[in-house]
Amino acid sequence: MTFRVTVLTLYPEMFPGPLGLSIAGRALREERWTLETVQIRDFATDRHRSVDDTPAGGGAGMVLRADVLAAAVDSVADTRPVLAMTPRGAPLTQARVRALAAGEGATILCGRFEGFDERLFEARAIEPVSIGDYVLSGGEMGALVLLDACVRLLPGVMGAASSGDEESFESGLLEYPQYTRPVEWEGRTIPEVLRSGDHARIAAWRKQMAETDTRLRRPDLWERHGGAAGLSPSGARRDKDGPR
Ligand code: SAH
């Protein structure tokens, strides 16, 4: 099944952009996914082709009109989920990316200016999605990020080896640190355990590193993962055996 993507945007020239290169680009040429853009301005109805107007209640900038956006969304109506890029949405997660990649595709609405007239979300089934707690100038880069994350998971896009059960977030933890040759670089060697050939020891070391790094770098993830419960039954032991 081909993963079908439609992007609604004021800047269709931004697509496929970086997704035309490397892994995603090859997958696009192999038609493992398809990409279509829709120019939101084509759905403007007045003679100035306006898509935005001043914010109700005052304030800076312009707001995208609900009527114009709804007409654009309705023009692609099918069974795929419709997502809108907005910092007011639920932060994107690897779990959501996996679910999307397992489906038939997505329609993605990209905002600009001060964003969307809120009534759009009341009148249509649209999922607001954020790519993080910072503000971009437009939804296009967010859509590119979301699509890159989805496309690499499509069947046949990455080698089987890298399909990545152990990757960051897949287990609720960051991935363990990686090393490659040369064995010695600027006086630093690759950890001995990784050169031991002892697969059980390597697995145990990686698990411990993933846990330690997650706890130190991403206490929020660690908390959600179950924190101490994931490491040892008694919280006390964990502190003694903590990071070196
Ligand atoms: N005034 C809005 C921000 C508008 S930024 C607010 O404060 O919430 C303009 C557009 O960029 C948004 O409509 C959205 O499509 C996109 N955008 C900005 N930050 C984003 C983020 N973190 N995730 C997803 N899209 C974002």
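In the nomenclature of an unreviewed UniProt entry, the chain corresponds to tRNA (guanine-N(1)-)-methyltransferase from the organism Sphingomonas metalli. Per UniProt, the chain has the following entry under Subunit (unreviewed entry): "Homodimer."

(A) Fine view of the site of the ligand. If you check the shell around the ligand, you find 18 residues, and the closest are M85, G111, G132, Y134 and L136. Contact between the ligand and M85: an oxygen atom at 2.6 Å from a main-chain N or O atom of the residue. A distance of 3.3 Å is found between an oxygen atom of the ligand and a backbone nitrogen or oxygen belonging to G138. When isolated, the ligand has an accessible area of 560 Å², and the protein chains bury 86% of it. Under a 2 Å grid-point criterion requiring more than half of the atoms, the pocket assigned to the ligand is the second largest pocket. Secondary-structure elements contributing two or more residues to the shell around the ligand are β5 (82-91) and β7 (127-130). Counting residues per element, the shell around the ligand draws most heavily on β5, at three residues.

(B) Just the layout of surface pockets, in detail. Taken as a whole, the largest pocket spans an internal volume of roughly 590 Å³. What lines the largest pocket is a set of 21 residues, among which L92, T93, Q94, F169 and R218 lie closest to the centre. Counting residues per element, the ones that place at least two in the lining of the largest pocket are α3 (94-101), α5 (140-151) and α7 (219-225). When grouped by side-chain class, the residues that make up the lining of the largest pocket number nine nonpolar, seven polar and five charged. Composition of the lining of the largest pocket by domain shows at least three residues from each of domain 1 (3-151) and domain 2 (166-244).

(C) Just the confidence of the model for the chain, in detail. Put simply, the chain has an average pLDDT of 93, and 91% of its residues get 70 or more. Note that pLDDT drops below 50 for residues 232-244; the model gives that stretch 12 contacts with residues more than four away or on any other chain.

(D) Just a nonpolar patch on the surface, in detail. Together, Y134, L136 and M141 give the surface a local cluster of nonpolar side chains, amounting to about 300 Å² of exposed area. Positionally, L136 belongs in the loop between β7 and α5.

(E) Broad picture of the environment of D74. Summarising the element assignment, D74 is placed in helix α2 (residues 66-74). Separated by 78 residues in sequence, D74 and R152 place their C-alpha atoms 28 Å apart.

(F) Just helix α6 (residues 199-217), in detail. Between its first and last C-alpha, α6 extends 26 Å over 19 residues, near the 27 Å set by a 1.5 Å rise per residue. Among all positions in α6, only I202, W205, A210, E211, T212, D213, T214 and R215 are buried.

(G) Inspection of the nonpolar core at higher detail. W33, I108, L146, L147, C150, V151 and L154 are the most contacted members of the largest nonpolar core, which totals 27 residues. Residue assignment for this core shows that the elements contributing at least two residues are β1 (3-9), α1 (22-29), β5, α3, β6 (105-110) and α5. Per element, the largest residue contribution to this core is seven residues, and it comes from α5. Setting aside residues no more than four positions away along its own chain, L147 makes contact with V5, V7, L19 and I108.

Criteria and thresholds
Residues numbered from 1 in each chain as written. Predicted model: local features only at pLDDT ≥ 70, side-chain atom pairs only at ≥ 80, totals over all residues. Heavy atoms only, no water. UniProt positions renumbered as here; feature names shortened; annotations may be inferred. Near = heavy atom within 4 Å. Polar contact = N/O pair within 3.5 Å; in protein donor to acceptor, adjacent residues only side chain to side chain. Areas by Shrake-Rupley, 256 points an atom, 1.4 Å probe, with all protein chains shown as cover. 1 Å grid on protein atoms, 1.4 Å probe; cavity = no way out; pocket = protein on both sides within 12 Å on 5 of 7 lines; lining within 4 Å. Sits in = over half its atoms within 2 Å of the grid points. Helix = DSSP H or I, 4+ residues; strand = E, 2+ residues; numbered from the N terminus. Points joined across faces, edges and corners; volume = space filled by probe spheres on them. Nonpolar A, V, L, I, M, F, W, Y, C, P; charged D, E, K, R; others polar. Domains from an automatic or database assignment. pLDDT = per-residue confidence, 0-100. Contact = heavy atoms within 4.5 Å. Patch = residues over 30% accessible without salt bridge, like charges linked within 9 Å, V, L, I, M, F, W, Y side chains within 5 Å. Salt bridge = Lys/Arg side-chain N within 4 Å of Asp/Glu carboxyl O. Expected span 1.5 Å × (residues − 1). Buried < 20%, exposed > 50% of the residue type's maximum accessible area, 1.4 Å probe, protein only. Core = buried A, V, L, I, M, F, W, Y, C linked by side-chain atoms within 4.5 Å.

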